[in-house]
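Fold and contact review
Spelled out, the chains give:
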Amino acid sequence: MEVPILRQGQYLIASIQSALTDADLSHLREALIAQVGRSRCRGVIVDVTALDVMDSFAVRTLRDIAHMARLRGAETVIVGIQPDVAFAMVQLGLTLKGVATVLDLEEGLAFLTRRTEERLVETKPRRPSGRG
Amino acid sequence: MDTKKSMSVSTRTSDPQALSESSAGLLRELVAHLRQNRTQLREEWARRITRAELLTAMTEEEIFAEATAVYDNYVEALETGTFEALQAYSRRLSERIIPRGVETDEVVGIVLLLRDVLARSLFTKYQDNVEKLNRILDSYEPAANRIANTVAVGFVEERERIIRQQQEAIRELSTPVLQVRERLLILPIIGVIDPQRARQLTEQLLRAIRANRAKVVVIDVTGVAAMDSGVANHLVQTVEASRLLGATVIVTGLSPEIAQTLVTIGVDLSEMATVGDLQGGIEEAERLLADRAAPTTQVREIAPESTR
C-alpha cells in the first residue's frame with residue numbers, strides 16, 4: 001500500500017493509513033527522503049495514528065527516516081503513537097531514541113514551527129551585528 | 001446401610017430401564033408430597049432457621065418471604081431436574097443479601113436445613129414402608145445435594161464477583177492521574193508497586209496523557225517506601241513510553257534510601273529527569289511548559305522588526 005505524502009507549507013506529512021509491509025516501509029523511506037530535497041522542506045511529519053502494531057523494522061525505518069531527513073536539512077517528528085503501541089514498544093526495547101515524538105498531528109505542526117523558528121532566532125541576532 | 005446400598009446397586013444393574021422409570025415416578029410422588037405440604041414445611045423450615053440463629057441480619061418476614069421463594073424454586077428444580085432457574089434465583093438472592101452481611105455458612109446452613117426438614121417429613125410419611133422410603137431417598141438425595149451445591153456455589157460466585165469488582169475499584173483508586181493545569185499531569189504513587197500495578201499504572205498514565213493532551217507529567221514517589229531494580233525499570237519504561245506520546249516525565253520524591261539502593265544496585269536513571277520534591281517538580285514542569293510557549297512569542301516580537 002502506498003503511503004500518501006502531502007505537502008503543507010514547509011512540511012511534508014506522511015500519513016500511514018494501514019499496516020505496512022517491510023517493502024512498503026522501505027518505499028516510504030526512499031520517497032520521503034527524495035522529496036525532502038526536491039521540495040526544500042524544513043520538516044517531516046510521520047503520522048502513525050492508524051497503526052496498532054509496530055515491529056522492530058517499522059521502528060528502525062522511522063528512526064532512519066528521522067536521521068536521513070536531518071542530513072537533508074529537515075526535522076522529523078513522529079506523531080500519534082497509540083498508548084498501547086507505546087507500551088509494547090518500550091517493553092520490546094524499541095524506544096526511538098533521538099527521534100522527536102509528539103501526541104498528534106496538531107502538536108507535530110506546532111513542534112516543527114517552534115523548531116524552525118528557533119533556528120531563525122538563533123541566526124537572526126547575528127544579522128544586525130554583521131551590518132554594524 | 002451397606003446392605004441397602006448394595007440392594008439398590010443390584011437393582012440398578014439388573015434393570016436400569018425399570019429403575020429409571022420408577023425413580024421418575026418416585027420423584028413425581030415426592031414433588032406432589034412437597035407441594036401438598038408446602039405451607040407446613042415452609043413454616044417448619046423458617047422456624048428452624050430462626051432457632052439456629054441464621055440470617056440474623058434479616059427480619060422474620062423477610063426470612064419467610066425468601067424461604068417461600070427458595071422452597072418453590074427448590075421443588076421446581078426437583079421436578080424438572082433443571083437448575084437454571086434456581087441458579088438465577090440464587091444469584092439474585094445473593095445480590096440482595098450479601099450487602100446485608102449474610103455469611104457463606106448461613107446460606108449453606110439454611111439450604112442444608114431445608115434438606116433436613118424435607119428428609120424428616122419423608123421419614124414421617126414413609127415410616128411404615130422402609131423399602132419405599134429408601135427408594136424415595138435414592139431419588140431425592142442426589143437432586144437435593146445438587147440443589148444445595150447450586151445455591152452455595154451461586155452465593156460464593158456472587159461474592160467473588162463482588163470481591164473482584166472491589167479489587168478493580170481499589171486498583172483504579174490507587175493510581176489517580178490528576179490534571180493540575182492544562183497540559184500538566186500529576187501521578188502520586190503510594191504504597192507497594194508490584195509488576196501488575198506498575199503495568200496498570202503505565203497504561204493509565206498513557207491513556208491520561210492522550211486524553212488530556214499532556215505535555216509534562218510529574219510522577220511523585222514520596223509514598224513509595226522501597227524500590228527494587230524491577231520497579232525502577234518499570235519507571236524507566238513509563239518515562240520512555242510517555243516520551244513516545246510526546247510528554248516529558250519528571251520524577252520527584254525519591255527518598256534517600258531509594259536513591260542509595262538504586263545507585264548501589266546500579267540502575268541507570270540518567271535518562272530520567274528527577275527533582276527533589278513535588279513542589280520543585282511542579283515548578284520545573286511549569287518552567288518546561290513556559291519554555292515551549294516562549295520561542296513562538298519571541299519570534300513574533302522579532303518578526304516585525306526584521307520586516308522593517
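Structure: see above.
Now for a quick tour of the structure. (Residues numbered from 1 in each chain as written. Chains lettered and ligands numbered in written order. Predicted model: local features only at pLDDT ≥ 70, side-chain atom pairs only at ≥ 80, totals over all residues.)

1. Regarding the overall build of chain A
Where we set the bar: Numbering of helices and strands starts at the N terminus; helices are DSSP runs of H or I of at least 4 residues and strands are runs of E of at least 2. Here the C-beta atoms are placed from the backbone, and a residue counts as buried if at least 20 other C-beta atoms lie within 10 Å of its own, exposed if 12 or fewer do, and partly exposed otherwise. Residues are treated as contacting if the C-beta atoms built from their backbones sit within 7 Å of each other.
Looking only at helices and strands, chain A has five helices and five strands in total. Going from N to C terminus, chain A has its helices and strands arranged as β-β-α-β-α-β-α-β-α-α. The buried share of chain A, taken over its 132 residues, is 36%. When contacts within chain A are restricted to residue pairs at least 6 apart in sequence, long-range pairs at least 24 apart make up 75% of them.

2. Structural notes on the overall build of chain B
Tallying secondary structure elements over chain B gives 11 helices and five strands in all. Taken over 308 residues, chain B has a buried fraction of 30%.

3. Quick look at the nonpolar core
Under the convention used in this document: Throughout this description, the term nonpolar core refers to a group of buried Ala, Val, Leu, Ile, Met, Phe, Trp, Tyr and Cys residues whose C-beta atoms join them within 7 Å.
Grouped together as the largest cluster of nonpolar side chains are 72 residues, with contacts concentrated most on Val44, Ile78 and Ala86 of chain A together with Leu185, Ile209 and Val217 of chain B. Discounting chain neighbours no more than four positions away, the residues touching Ile209 of chain B are Leu185, Ala214, Val217, Ser242, Leu245 and Ala247 of chain B. Judged by nonpolar contacts, the second largest core, of 34 residues, contains Leu55, Tyr89, Ile97 and Val151 of chain B.

4. Considering the sheet that holds strand 4 (residues 75-79) of chain A
All names here are of chain A. Note the cut-off: The rule for pairing is simple: two strands pair if DSSP sees at least two bridges between them. Angles run from 0 to 180 degrees between N-to-C directions of axes, and those axes are lines fitted to C-alpha atoms, restricted for helices to the stretch in contact.
Here we have five strands laid out as an open sheet, ordered 1-2-3-4-5, and mixed in their pairing. With partners counted over all chains shown, the strands left at the sheet margins are strand 1 (5-8) and strand 5 (100-102), one partner each. Direction aside, neighbouring strands of the sheet carry axes that sit 25 degrees apart on average. Of the strands in this sheet, strand 1, strand 2 (11-15) and strand 3 (43-47) touch helix 1 (residues 22-38), which is tilted by about 165 degrees from strand 2.

5. Considerations on the interface of chain A and chain B
Defined as follows: Gly is placed with the polar residues, together with every amino acid not listed as nonpolar (Ala, Val, Leu, Ile, Met, Phe, Trp, Tyr, Cys and Pro) or charged (Asp, Glu, Lys and Arg).
At the interface, 19 residues of chain A touch 19 residues of chain B. Listing elements by their share of the side of chain A that touches chain B, those giving two or more residues are helix 3 (83-91), strand 5 and helix 4 (105-123) of chain A. Class assignment of the residues belonging to the side of chain A that touches chain B gives a composition of 11 nonpolar, three polar and five charged.

6. Some remarks on unusual backbone geometry
Residues and elements named next belong to chain B. At Glu53, a residue that is not glycine, the phi angle is positive and equals roughly 55 degrees. A tally of 9 C-beta atoms within 10 Å means that Glu53 is categorised as exposed. One non-glycine residue, Arg183, lies in the positive phi region at around 75 degrees. Its place among the elements puts Arg183 in the loop between strand 1 (178-181) and strand 2 (184-190). Its 19 C-beta neighbours within 10 Å are what place Arg183 among the partly exposed residues.

7. So, the pairing of strand 4 of chain A
Residue and element names in this part refer to chain A. Heads up, the rule is: Place the viewer so that the strands point away; then a crossover is right-handed whenever the path from the first strand over the helix to the second strand goes clockwise.
Buried residues dominate strand 4, accounting for five of its five residues. On strand 4, burial covers both faces: Glu75, Val77 and Val79 on one face and Thr76 and Ile78 on the other are all buried. Taken together, strand 3, helix 2 (residues 56-71) and strand 4 form a β-α-β motif whose crossover is right-handed. Two elements, strand 4 and strand 5, share three bridges in a ladder whose sense is parallel. Paired with Ile78 across the strands is Thr101, a residue of strand 5.

8. Remarks on the sheet that holds strand 2 of chain B
Residue and element names in this part refer to chain B. Read from one edge to the other, the open sheet built from five strands follows the order 1-2-3-4-5, with strand pairing classed as mixed. Edge positions in the open sheet fall to strand 1 and strand 5 (273-275), since each of these has one partner strand only. When strand polarity is set aside, the average angle formed by the axes of neighbouring strands in this sheet is 30 degrees. Bridge count between strand 1 and strand 2: three bridges; the pairing is antiparallel. Of the residues in strand 2, the one forming a bridge with Leu178 is Ile186. Sitting on the sheet, helix 8 (residues 195-212) touches strand 1, strand 2 and strand 3 (216-223), and the angle it makes with strand 2 is about 165 degrees.

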